[in-house]
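# Commentary on secondary and tertiary structure
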Amino acid sequence: MNSTPHSRWPLPGAQGTALPPTPPAPLAAHPPHDHDHDHDHDHDHDHDHDHRTPAPVASACAPAGCGCSHGSSHSDGDGHGADDGNHAGHDHGALPGWARVGAALALALLAELWHLFAPAGHTWQAAGMALAAAAIALSGLGIYRSGLRDLARLRLGIHALMAVAVTGAFLIGQWPEAAMVMALYVAAERIEDGAMDRARHAIRQLLALAPDSADMQGSDGQFQRVPARSVPLGATVRIAPGARVPLDGTITRGHSAVNQAPITGESALADKGPGKPLYAGSINTTGELDMRVTSAAGQTTLDRIVHAVEQAQVSRAPTQRFIDRFAALYTPTVLVLAVALAVGAPLLLDWGWRDALYQALVLLVMACPCALVIATPVTVVSALTAAARHGILIKGGSALEAARHLRAVALDKTGTLTHGQPTLVAWQTWPEGAASATQHTATAQAALLLAARSDHPVSRAIAQALQAGAGSAAARHTAPTLSADAVEHFTALPGRGVQGHINGQPLVLGNLRLVQERGQSSPALEAALAQHAEQGRSVTLLADAHGVRALFAVADTLRAHAPEAIAQLQALGITTVVLSGDNLATVQAIAREAGILEARGALLPEDKLNALAEMQQRLGATAMVGDGINDAPALARADIGFAMGGNGSTGMAMETATVVLMSDDLRRVADTVGLSRRTHRVLWQNIAFALGVKVLFFGLALAGSATLWMAVLADMGASLLVVANGLRLRRWRGQR
Ligand SMILES: Nc1ncnc2c1ncn2[C@@H]1O[C@H](COP(=O)(O)OP(=O)(O)OP(=O)(O)O)[C@@H](O)[C@H]1O
Ligand SMILES: [Zn+2]
């Protein structure tokens, strides 16, 4: 339970995350780039990426070396990790700018017209060929260069195939077509490149929501507008009504309704006052607020969301790995077929060698798996972005794809089904009525001291309530003397409570399990506990060496959307189970309220892990939803770990989880499953379509009636359609 927004954030790439290792340069190292995504940024961003990420950046390219777009055209497949630095430059060398592509297209068109209308004769013919050659040179030099490099390494990249196809077509007298094919191919690559880039950087638009300047209080007490980047931690910043919050902070003065949609995806306004966290990018609607800055520019929750999504895009989704493997086989297979056609058709089918060669060249162009290969990353990246915008931070394509297989969801109780902010509703000394007034006060003091040392929600509830009592009572003057250091040998007992010595006396504050283990339980005590448990309250006991001295009952409230969320999961055919460290009767009461049929209580962290493994065995793929340190092992073990990311969650849980629910809204679990199913549908629509087009052209080529530029246009058309279909996911809205 940390209290500042920045300290309880999943540190992308920190130990134990599902993210790939964080590259050394954090977001903050690129502040100038971070906000300029409105103009043509292909270059900046790709370079940005190339040195920030160890893996190929969501590059769709198959190991076989498809040259297909995505700002990368990695003809040097396996060289990615090794020579990141220089392939960035080489990629862009392969693709000329739009001006040159346009000029090449115009020249190719001219060559085509020349071919049709120019009078016969060697001079005219030669001039036409020169036009075509110019078009090819303008657009295709980079392709030739990387194609040759691939050939030299005995790798059959699409660039090599294109170079061969275009040269071959030119040589067999199809020079206008050769020119058109090269120009169209390069144009298509550029378009895909841009689309992929836009999809990948759509998440960056979130960053623009945090203003670049802040009204900071100077040493003279006056507020002055300064660049947000120069605001130090701890500074006071004022946010006018209607303005956006520039940095993360804690409110020090004022009350207002705040729209936190960029962070939580929740456009419902949150009422906030002193002590509450504010997130950069949120809109302050009604009142003026002052806040103490808790995270510098580049380190805000918003920055971290964007960074986490970008990291997620780097990791390859399973479908993508499958397509990559497929593409690696597809290209050489088509190549073999092309050679077979060129050699076999004249011998076996009596085709003219020119026709056979031509159709073989068509097959070479078709060997490009572009549409197939771009279909997956565009779709996955769009889905991850849409999810982030709705407060679902998915840390990798694998989790996105896995969610649709979920058969069961295990939920933690405290902080997940409930708000995790219990309050003390009753306390009494034990045995009942035996304590004098002084003993009563001393007991409260001891419990307060122990509880105050712990971050556990139960302890905090006890400490808060007893503190308030102590502050107003006659005991006020004794409180300062027994300060926190009055507790010696303080230890947390996970799943049980805490222990420590006060005035040399060993004391424990914990649950019934702890007291039973110490042999200090009794039927009377357990009966008293059962009464509270029936009402969903958790009971904590204070005990010394001689026995139980007091009993504290805390109650937590069910999250508003919990019953609806559980119903949604059940409607999806997903079994829900509560796994809690709290005692069983209490857990059962809360589970009943939420509509969950199965409840397990009194679980230690390792028991939670075992319970989860048992669910995986019995029910199939199981997710865990949790918020606490005691949930971390189960979150890691689960097929998908969901962490509550809003108020009160522990950084540990968020680091371990593969999905963080920024809004603490349990309905997002069902939403994630829905998005996963939707993504899966789009992925396979795309794959089927891209393959269908290839099969169609295959047939046409074998029938001898495909033309080169039809093949290129079809490849381009298929790529564009597939990209458009994938981008549709950016508009996904969840179930509401
Ligand atoms: N620091 C503590 N102070 C007081 N009680 C504690 C403390 N730690 C654990 N307990 C007791 O042990 C029980 C189990 O704790 P644990 O942290 O494993 O689960 P929890 O967070 O309360 O519940 P859940 O598993 O549903 O989140 C708590 O319900 C509480 O009664
Ligand atoms: Zn292609």
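Residue positions are given per chain, counted from 1 along the sequence in the order it is written. Written order determines the labels here, with chains lettered from A and ligands numbered from 1. Selection of residues for local features in this predicted model requires a pLDDT of at least 70, selection of side-chain atom pairs for listing and counting requires 80 or more, and totals for whole chains, interfaces and linings are taken over all residues. Side-chain metrics rest on all non-hydrogen atoms present in the structure, leaving aside hydrogens and water.

A count of helices and strands for the chain gives 26 helices and 22 strands. The burial tally for the chain puts 56% of its 736 residues in the buried class. In the chain, 70% of the contacts between residues at least 6 apart in sequence involve partners at least 24 apart. The method behind every accessible area is Shrake-Rupley, applied with a 1.4 Å probe, and residues are considered shielded solely by the protein chains displayed. As displayed, the chain has an accessible area near 28800 Å², and 60% of this comes from carbon and sulfur atoms. Only DSSP runs of H or I reaching four residues or more are called helices, and only runs of E reaching two or more are called strands; each is numbered from the N terminus. Residue burial is assigned from relative accessible area. The probe radius is 1.4 Å, only protein chains are included, and a residue is buried under 20% of its type maximum, exposed over 50%, and partly exposed in between. Residues are treated as being in contact if the distance between any of their heavy atoms lies within 4.5 Å.

A cluster of basic residues, Arg198, Arg389, Arg728, Arg730 and Arg731, forms a positive patch at the surface. Among the secondary structure elements, Arg730 is positioned in the segment after α26 (708–727). A relative accessible area of 32% places Arg730 in the partly exposed class. Residues enter patches when their relative accessible area tops 30% and they take part in no salt bridge; the joining distance is 9 Å for like charges and 5 Å for the nonpolar side chains Val, Leu, Ile, Met, Phe, Trp and Tyr. When a carboxyl oxygen of Asp or Glu lies within 4 Å of a side-chain nitrogen of Lys or Arg, that pair is called a salt bridge. For the purpose of charge, His is not counted, nor are the chain termini; Lys and Arg are scored as positive and Asp and Glu as negative. Lys charges are placed at NZ, Arg charges at CZ, Asp charges at CG and Glu charges at CD.

Time to look at the site of ligand 1. If even one non-hydrogen atom of a residue comes within 4 Å of a molecule or strand, that residue is called near it. Taken together, 17 residues lie around ligand 1, and Asp412, His456, Ser459, Ser580 and Lys608 are the ones closest in. The side chain of Ser580 places a nitrogen or oxygen atom 2.7 Å from an oxygen atom of ligand 1. Interatomic distance of 3.5 Å between a side-chain N/O atom of Asp582 and an oxygen atom of ligand 1. Here ligand 1 has 590 Å² of accessible area as a free molecule, and 95% of this is covered by the chains. Every element with two or more residues in the shell around ligand 1 is listed here: α14 (413–417), α16 (457–472) and β14 (497–502). Its residues placed into classes, the shell around ligand 1 shows two nonpolar, ten polar and five charged. Whenever two N or O atoms come within 3.5 Å, that pair is a polar contact, provided that in protein one can donate a hydrogen and the other can accept it, and provided that, for residues adjacent in sequence, both atoms are side-chain atoms. Polarity classes work like this: nonpolar for Ala, Val, Leu, Ile, Met, Phe, Trp, Tyr, Cys and Pro, charged for Asp, Glu, Lys and Arg, and polar for all others, with Gly in that last group.

Now for the pairing of β14. Residues Val498, Gly500 and Ile502 line the buried face of β14, whereas the alternating positions Gly497, Gln499 and His501 sit on a face that is not buried. Taken together, the five bridges between strand β13 (residues 487–493) and β14 define a ladder with antiparallel strand orientation. Pairing of Glu488 across the sheet is with His501, part of β14. Strand pairing is assigned whenever DSSP identifies at least 2 bridges connecting the two strands. What sits between β13 and β14 in their antiparallel hairpin is a turn of three residues, with Gly495 showing a positive phi close to 75 degrees.

Residue-level confidence of the predictor is summarised by pLDDT, bounded by 0 at the bottom and 100 at the top. When the pLDDT values of the chain are averaged, the result is 80; 84% of them are 70 or greater. Confidence drops under a pLDDT of 50 for residues 1–93, and excluding neighbours within four residues, the segment shows 225 contacts in the predicted structure. Low pLDDT, under 50, characterises residues 476–480; the predicted model gives this stretch four contacts beyond four residues in sequence or across chains. Confidence estimates for the predicted assembly give a pTM of 0.78 and an ipTM of 0.94.

Let us look at the packing of aromatic side chains. Working definition: rings of Phe, Tyr and Trp (its six-membered ring) pair if their centres are within 6.5 Å, and the pair is stacked with planes under 30 degrees apart, edge-to-face with planes over 60 apart, and tilted otherwise. Within this structure, the stated rule accounts for four aromatic pairs. Plain terms: the ring middles of Trp114 and Trp124 are 5.6 Å apart, the flat faces sit at 45 degrees to each other, and that makes the pair tilted. One end of the pair, Trp114, is in helix α4 (residues 98–117); the other, Trp124, is in helix α5 (residues 122–152), and ten residues separate them in sequence. Judged by its relative accessible area of 41%, Trp124 falls in the partly exposed class. Between Phe322 and Trp684, the aromatic rings sit 6.1 Å apart at their centres with planes inclined by 45 degrees, giving tilted as the arrangement. Remark: Trp684 occurs in helix α25 (residues 667–702) and Phe322 occurs in helix α10 (residues 318–349); sequence separation between them is 362 residues.

Before going further, it helps to spend a moment on the environment of Gly504. Relative to the elements of secondary structure, Gly504 occurs in the loop between β14 and β15 (505–510). Along the chain, Gly504 and Ala486 lie 18 residues apart, while their C-alpha atoms are 9.4 Å from each other.

What follows deals with the sheet that holds strand β5 (residues 256–259). Strand pairing in a sheet takes place through backbone hydrogen bonds and is either antiparallel or parallel in direction. A sheet is described by the order of its strands in space; here three strands give the open sequence β6-β5-β8, paired in antiparallel fashion. Of all strands in the sheet, those with a lone pairing partner are β6 (269–272) and β8 (283–284), marking the two edges. Pairing of β5 with β6, which is carried by four bridges, proceeds in the antiparallel orientation. Across the sheet, residue Ser256 finds its bridge partner in β6, namely Lys272.

Note that His159 resides in helix α6 (residues 158–171). Judged by relative accessible area, which is 1%, His159 ranks as buried.

The end-to-end C-alpha separation of helix α19 (residues 523–534) is 16 Å, in line with the 16 Å expected for twelve residues at 1.5 Å each. The set of residues buried in α19 consists of Leu525, Ala528, Leu529, His532 and Ala533. Around the axis of α19, the buried residues are gathered within 140 degrees of arc, so they sit on the same side. Facing away from the buried surface of α19 by more than 90 degrees, the exposed residues are Pro523, Gln531 and Glu534. Looking at the buried positions of α19, the neighbouring elements they touch are β12 (423–429), α18 (512–517), β16 (538–543), β17 (548–555) and α21 (584–594). Count one or two residues on from α19 and you reach Gly536, which has phi positive near 80 degrees. Expected helix span is given by 1.5 Å per residue-to-residue step, counting one fewer step than there are residues. What the arc describes is the spread of directions from the helix axis to the C-beta atoms.

In the structure shown here, the tally under the stated rule is 21 salt bridges. With its nearest N and O atoms 2.5 Å apart, the salt bridge here joins Glu310 to Arg204. Of the two residues, Glu310 is situated in helix α9 (residues 301–314) and Arg204 in the loop between α7 (175–201) and β1 (213–217); the sequence distance between them amounts to 106 residues. The pair formed by Glu310 and Arg204 is uniform in burial state, with each residue classed as buried. Among the salt bridges present, the one from Asp544 reaches Arg549, with a minimum N-O distance of 3.4 Å. By relative accessible area, which is 7% here, Asp544 ends up buried.

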